[in-house]
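What follows is each chain in one-letter form.
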Amino acid sequence: MKDQTTLIVGASRGIGLGLAEEYLSRGWRVIATVRDDEGEAALKGLPDADRLTVERADVAIDADRKALAGRIDGPLDLLFLNAGVMGPADLETASDAEVDRVMQTNAFGPVRLAWDLIGRVRDRTGVVAFMSTGLASIADNTSGGYDAYRASKAAQNMLARSLWVRAAQPRGIAVLSVNPGWVQTDMGGPGATIDVPTSVRGIADQIEANAGRNEHRFIGWNGRVLEW
């Protein structure tokens, strides 16, 4: 399909910036959100930026979400909710404000924005993707740690399922909860096992493979299905 459009929410750096670059390289029109001038400059420096539109929004702020939704006409072939923060490593000593920020940024904000935008996603072939993590797998949690982050992404997975059941499934829209792998970003650190280009190529390939399947799946960048 030609003239495909994606909205990538949280694209100022790391995987989000890499996704914007990947989709531009594939010929898509890209709408990407940032929160500051530095993020906007990074995006506008990408190759093929003539097909790029930069928007400002913070997913944790209701007014920003509503304003962004009002500026997006659609149809969107892909809505990718990438915004996220790691938060405190130790839940026992974390403040209420720190925990609230993690939950709002990683779970409630992105899913609320998805609800605001689901009407702009293309029927039958459209995809809504959330940046999840392998740390959100309850079945695979054998080490603990970063519990606020784990809980926020597990909550995101559950909220994504409800979005699919209630709003996406009736229109044939696939919903994906995506584990990008352990990636060499500010969050993943230099010791991570894969680089950003490898992760985003795999993610884009999986989105293409799942378009039209009308399922909610928890999958990795390499197509591996994760246990909930």
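Attention here is on the structure that accompanies the text. Remember, predicted model here, so these are calculated numbers, not experimental data.

## Focus: the packing of helix α3 (residues 62-71) against helix α4 (residues 96-117)
Move 1: The interhelical angle for the contact between α3 and α4, taken along N-to-C directions, is 30°, at an axis separation of 10 Å. Judged by the angle between their axes, α3 and α4 are roughly parallel. Between α3 and α4 lies a crossing whose hand is right-handed. From α3, Arg65, Lys66, Leu68 and Ala69 reach across to α4, where they touch Gly109, Arg112, Leu113, Asp116 and Leu117.
Move 2: Of the residues contributing to the contact of α3 with α4, the split by class is four nonpolar, one polar and four charged.

## Things to note about the pairing of strand β6 (residues 174-179)
Move 1: Within β6, six of the six residues are buried, which leaves it mostly tucked inside the rest of the structure.
Move 2: The alternating pattern of β6 places Ala174, Leu176 and Val178 and Val175, Ser177 and Asn179 on opposite faces, both of which are buried.
Move 3: Note on the crossover from strand β5 (residues 127-131) through helix α5 (residues 147-168) to β6: the handedness is right-handed.
Move 4: Alignment of β6 against strand β7 (residues 216-220), held across five bridges, turns out to be parallel. Residue pairing in the sheet places Asn179 in a bridge with Gly220 of β7.
Move 5: Handedness of the crossover joining β6 and β7 through helix α6 (residues 196-210): left-handed.

## Some remarks on the nonpolar core
For soluble globular proteins, nonpolar side chains are generally found buried alongside one another.
Move 1: Formed by 32 residues in total, the largest nonpolar core has its most connected members in Leu19, Tyr23, Leu43, Phe80 and Ile207.
Move 2: Contributions of two or more residues to this core are made by α1 (14-25), β2 (29-34), β3 (52-56), β4 (78-81), β5, β6 and α6.
Move 3: No other element matches the six residues that α1 contributes to this core.
Move 4: In contact with Phe80, other than residues within four places in its own chain, are Leu7, Ile8, Val9, Leu19, Ala129, Phe130, Met131, Ile203 and Ile207.

Parameters and conventions
Residues numbered from 1 in each chain as written. Predicted model: local features only at pLDDT ≥ 70, side-chain atom pairs only at ≥ 80, totals over all residues. Heavy atoms only, no water. Axes fitted to C-alpha atoms, helices over the stretch in contact; angles between N-to-C directions. Helix = DSSP H or I, 4+ residues; strand = E, 2+ residues; numbered from the N terminus. Parallel < 35°, antiparallel > 145°, perpendicular 65-115°, else oblique. Left-handed = near helix turned anticlockwise from the far one by under 90°. Contact = heavy atoms within 4.5 Å. Nonpolar A, V, L, I, M, F, W, Y, C, P; charged D, E, K, R; others polar. Buried < 20%, exposed > 50% of the residue type's maximum accessible area, 1.4 Å probe, protein only. Right-handed = clockwise from strand over helix to strand, strands pointing away. Pairing = 2+ DSSP bridges. Core = buried A, V, L, I, M, F, W, Y, C linked by side-chain atoms within 4.5 Å.

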